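Geometric and topological summary
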Amino acid sequence: MSADVAVVGFAQSPCRVREDATTSGVEMLVPIFAEVFRACGLTRRDIGFWCSGSSDYLAGRAFSFVSAVDAIGAVPPAMESHVEMDAAWALYEAWAKVLTGEAEIALAYGFGKSSGAELRRVLALQLDPYLVAPLWPDSVSVAALQARLGLEAGRWTEKDMAEVAARSRAEARSNPDAQVSGSVTAAELLARPYVAEPLRAHDCAPVGDGAAVVIIASAARARELCERPAWISGFAHQVDSGSLGARDLLAVPSAAGAAAAAGAGPVELAELHAPFSHQELLLREALGLGEGVAVNPSGGALCGNPMFAAGLARIGLAARAVMSGRASRALGHATSGPALQQNLVCVLSGEAS
Amino acid sequence: MSQPLAESAPLRAPLEIEFDYTRSLGPVLSQFMAALAERRILGARGADGRVHAPPFEYDPVSAEPPAELVPVGPEGTVVSWSWMPDPLVGQPLAEPFAWALIRLDGADTAMLHAVDAGSAAAMRTGLRVRPRWAARPAGGIRDIACFEPCDGPAGAAEAPAQDTLPAQDIGAERTPGMTIAPVRLRYLHTASPGESAYLRGLAAGRLLGQRCGVCGQVYVPTRGTCPADGVTMTEEVELPETGTVTTFCIVNVGYPGQRVTPPYVAAAVLLDGADIAFQHLVLGCDASEVRMGLRVRAVWGETGGISHFTPTGEPDALYETYARSL
């Protein structure tokens, strides 16, 4: 049943600090909607269901996602929904809508303008509101606690982490949407200061603004919209305990569980949503990705992490690899919450089931 | 129409928002917070025998409420730590400090809190720490101000005598069963190009709108993108300062920060030549005199922008002239 739905289109805005963009995302969304509609030969009226991912805390205003509806054009009225999470979860809702036959073509989009806020501080608000959030632990510091556990357990070294960053930046040189790219060695990166010991700047995703959009369609429509649709062969998400001190931060059971539930199996390419360098190492292991798998050929979230869009973009990029024929089976991953608490896996295949 | 670059750049301004969440604690956390006020720390024993500190509300294994809350700590051992060289607003310490996962003596899980270690060189995994209590308990996790290094060995039979708090201070600033979590967030807010043009127009005493190239509707304020068609609007339209009340309500309720004394009227005003009404105040007449179709004119404030609208005295507009904009 899963392969009845395929990704047929993807677009993303370049991840940048956008001084011209509002927190409603409209200025970033209008051009990428136009781009994806052009590629698929669709108009907005062909979309049976829209679902977005964004955050009011990041936007600094209530119901900010309602302002974003300007970009979709809601006359006549559109069937629309929203998740206060990365839009990968909006895509999951859209997928369910198509599977149940309520829509033939659905569009998921995510947007975030992090540069206008104090991102690492805003993200403290996703922590336990009684026992943790009142201390305002920022997202970088929390990730650093996880990184140190791995360092002291011998799971990785600071050099391993720097090598993830160096490889990601090298890959990102061919990705015009990346915010950070370039040729740099791990040794050069290790000479730079800590921002939250044991994390250095290269271990942390840059703060940038961006948006992404993915269109999916039922089997009946997918082939007419896309020469080689990326069939969704599995799609699942799971969550670990919200108590940072009560879960094993060096295991990511929700990622492994989501991959198993999605029937991930062997893939040629994986786009992992790892906003911190050590998290790529954790995810490779949790998802069982061997040496032969091309991981984050886009440069990954370490080279551009538009909040609430970056996870959706991982799925879009994995789908693009299938649609272009570069891969026959690819995996897109998204994360949400502190220290990889919640994980989503979408498996894409060139072959319908 | 070309404008100097500086004039066409979007307007930006700092924005600070504040809101306090008042939260009910429930049975488990009420006991936990009440104990903190007495400078004691409680954990919860799970179905598997492990002690969680801070306590869970529902057992992650059995999903049952905790059978018992047990004293833990107050000393503990650092399990992991990171260094915060530039503390952010609201964090426990203003000087550089460590975030740490701390396993309190007698507990099997760790608590996230701050350690006032002075320098990163003084921090290490395995470091023994003890709580530094807030001077006056407020009924929240911040009744532990932070932790600080201490010399006590792990699992010492008797923790150093708990600090005692004068009885009259216990609960002085607390509401049992409740906790208040203040939120203060800062942004550099950017207005859209459309909003910026409108605001610049207001400052110059002009009312600017935009016409959609697809549906032809005129929107005021300018908003950049047609919400009906999802396309960027580029045609600017200057509108007169007269219009029609399409609908309204009489505000009878007072609230903090209110600038007009109730009763007063908030109305949807359709400017002449616009297709979409916008909300504004209608003053200068008794609230009971405001009606659908009332003709109004903008009254400009002394610092730029429209203060409110007021009746023009013209005959009312016919319903047909504004029905489609309701």
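Residues numbered from 1 in each chain as written. Chains lettered and ligands numbered in written order. Predicted model: local features only at pLDDT ≥ 70, side-chain atom pairs only at ≥ 80, totals over all residues. Heavy atoms only, no water.

This part takes up unusual backbone geometry. Residue Gly73 of chain B is joined to Pro74 of chain B through a cis peptide bond whose omega torsion reads 5°. On the secondary structure map, Pro74 of chain B appears in the loop between β4 (69-72) and β5 (76-84). In this structure, the amide linkage connecting Pro262 of chain B to the following residue, Pro263 of chain B, adopts the cis form with an omega of -5°. Considering the arrangement of structural elements, one finds Pro263 of chain B in the loop between β14 (242-251) and β15 (264-271). Even without glycine at this site, Ala339 of chain A takes up a positive phi of about 50°. (Helix = DSSP H or I, 4+ residues; strand = E, 2+ residues; numbered from the N terminus.)

A cluster of nonpolar side chains, namely Met292, Tyr319 and Leu326 of chain B, defines an oily patch on the protein surface of about 300 Å² accessible area. Note that Leu326 of chain B resides in the segment after α4 (319-322). (Patch = residues over 30% accessible without salt bridge, like charges linked within 9 Å, V, L, I, M, F, W, Y side chains within 5 Å. Areas by Shrake-Rupley, 256 points an atom, 1.4 Å probe, with all protein chains shown as cover. Salt bridge = Lys/Arg side-chain N within 4 Å of Asp/Glu carboxyl O.)

Let us now look at the interface of chain A and chain B. In this complex, chain A contributes 54 residues to the contact, which on the side of chain B involves 60 residues. Between chain A and chain B, the buried area comes to about 4400 Å², and carbon and sulfur atoms account for 59% of it. Ionic pairing is found between Asp229 of chain B and Arg44 of chain A, a salt bridge with its closest N-O pair at 3.1 Å. At the boundary of chain A with chain B, the tally comes to 22 residue pairs in polar contact (both at pLDDT 80 or more). Only α1 (26-40), α2 (56-59), α5 (119-122), α6 (139-152) and β5 (194-196) of chain A provide two or more residues apiece to the side of chain A that touches chain B. With seven residues, the single largest contributor to the side of chain A that touches chain B is α6 of chain A. Counted by class, the side of chain A that touches chain B contains 32 nonpolar, seven polar and 15 charged residues. (Contact = heavy atoms within 4.5 Å. Buried area = accessible area lost by both parts, 1.4 Å probe. Polar contact = N/O pair within 3.5 Å; in protein donor to acceptor, adjacent residues only side chain to side chain. Nonpolar A, V, L, I, M, F, W, Y, C, P; charged D, E, K, R; others polar.)

What follows is about the sheet that holds strand β11 (residues 207-211) of chain B. Residue and element names in this part refer to chain B. An order of β12-β11-β13 is seen for the three strands of this open sheet, with the pairing classed as antiparallel. Of all the strands in the sheet, just β12 (218-219) and β13 (235-239) have a single pairing partner and so form its edges. By the bridge criterion, five bridges tie β11 to β13 in an arrangement that is antiparallel. When the bridges of β13 are listed, Gly209 appears paired with Val237. With respect to the sheet, helix α3 (residues 193-203) is in contact with β11 and β13, its orientation differing from that of β11 by roughly 150°. (Pairing = 2+ DSSP bridges. Axes fitted to C-alpha atoms, helices over the stretch in contact; angles between N-to-C directions.)

Turning to helix α12 (residues 310-323) of chain A, a few remarks are in order. If you check α12 of chain A, its first and last C-alpha atoms are 19 Å apart, about what 14 residues at 1.5 Å a residue would give, namely 20 Å. Counting buried positions along α12 of chain A gives 13 out of 14 residues, so the element sits mostly inside the fold. (Expected span 1.5 Å × (residues − 1). Buried < 20%, exposed > 50% of the residue type's maximum accessible area, 1.4 Å probe, protein only.)

With that settled, the discussion passes to the packing of helix α7 (residues 158-171) of chain A against helix α11 (residues 277-286) of chain A. Describing two packed helices takes the angle between their axes plus the distance from one axis to the other. Residue and element names in this part refer to chain A. With their axes 8 Å apart at the nearest point, α7 and α11 run at an angle of 95° to one another. The angle between α7 and α11 falls in the class roughly perpendicular. Touching Asp160, Met161, Val164, Arg167 and Ser168 of α7 are Ser277, His278, Glu280, Leu281 and Arg284, all from α11. Taken together, the residues that form the contact of α7 with α11 break down as three nonpolar, three polar and four charged. (Parallel < 35°, antiparallel > 145°, perpendicular 65-115°, else oblique.)

All names here are of chain B. Model confidence for chain B is summarised by a mean pLDDT of 89, while 90% of its residues fall at 70 or above. Of the regions scoring below 50 in pLDDT, residues 1-6 engages in three contacts with residues more than four places distant in sequence or in other chains. Long-range and interchain partners of residues 156-172, a stretch whose pLDDT sits below 50, account for 21 contacts in this model, where long-range means more than four residues apart. The ipTM value of the predicted complex is 0.94, and its pTM value is 0.92. (pLDDT = per-residue confidence, 0-100.)

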